[in-house]
Amino acid sequence: TPTPTPTPTPTPTPTLSSFEQEMEGLSEAIVQVATTGEGSEVTLLFSEETVNDKVAESLVGTTINAGMVIEVTVVDLNLQSGNLIAAELTGKMSSGFGVTIRVQAQVSIQAGKPAVEIIEANVPANLIADAITGAVDTLLIQLTQTETGDDENVDIEFTDIIIQDDELTLVVVVKPKA
């Protein structure tokens, strides 16, 4: 009797988190631009959860100056339609008192950089504007850094940001370094 040929078992493809998928797409574009020298537009979509994780990575444990120096312990962002981010930063002042800063900001892209306009805040807007702009700047850089090794051969220019309920879409153009 002939021996039955074993049926090959398909290897399951690992499921990437949406953040990893977006980074993979961006990495491919960066490598392609670095190789071909031709610019490429990439649209990245991030969930509110991813955005919160990245902001927590960069802000928790750091100090911000909002008229008083605060060590940030908790950050919570709520992405809302109309390019709005509602942020709640909880922290401690050097005196040990706890403080919560609530800010609603509108985010846009102007001349390739994020621009943040404070709509409402429970502290004077002029005191918190720089900290929030810095945090958004850092966030966008974090969301567009890859491990390709080709990052230094390209420039990433932000062309658009679209914030809707629970998601952030970032449109970037990857260009060869001039």
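Note: the structure precedes this text.
Residues numbered from 1 in each chain as written. Predicted model: local features only at pLDDT ≥ 70, side-chain atom pairs only at ≥ 80, totals over all residues. Heavy atoms only, no water.

### A few points about the pairing of strand E8 (residues 167-176)
Point 1. Taken across its 10 residues, E8 has seven buried, putting it largely inside the fold.
Point 2. Pairing analysis gives eight bridges linking strand E1 (residues 40-47) to E8, with the strands arranged antiparallel. Note that in E8 the partner of Ser40 across the bridge is Val174.
Point 3. Bridge count for strand E7 (residues 154-164) against E8 is 10 bridges, and the pairing is antiparallel. Looking across to E8, one finds that Val154 is bridged to Pro176.
Point 4. What sits between the antiparallel neighbours E7 and E8 is a turn of two residues, in which Asp166 has the positive phi angle 65 degrees. (Buried < 20%, exposed > 50% of the residue type's maximum accessible area, 1.4 Å probe, protein only. Helix = DSSP H or I, 4+ residues; strand = E, 2+ residues; numbered from the N terminus. Pairing = 2+ DSSP bridges.)

### A word on the environment of Gly67
Point 1. Structurally, the position occupied by Gly67 is in the loop between strand E2 (63-65) and strand E3 (69-80).
Point 2. Under the relative-accessibility criterion, Gly67 is labelled exposed at 54%.

### Topic: the environment of Ser40
Point 1. With respect to the secondary-structure elements, Ser40 resides in strand E1.
Point 2. Once the C-alpha coordinates of Ser40 and Ala66 are considered, the two residues, 26 residues apart in sequence, prove to be 38 Å apart.
Point 3. Residues in contact with Ser40, not counting those within four places in the same chain, are Ala29, Val33, Val172, Val173 and Val174. (Contact = heavy atoms within 4.5 Å.)

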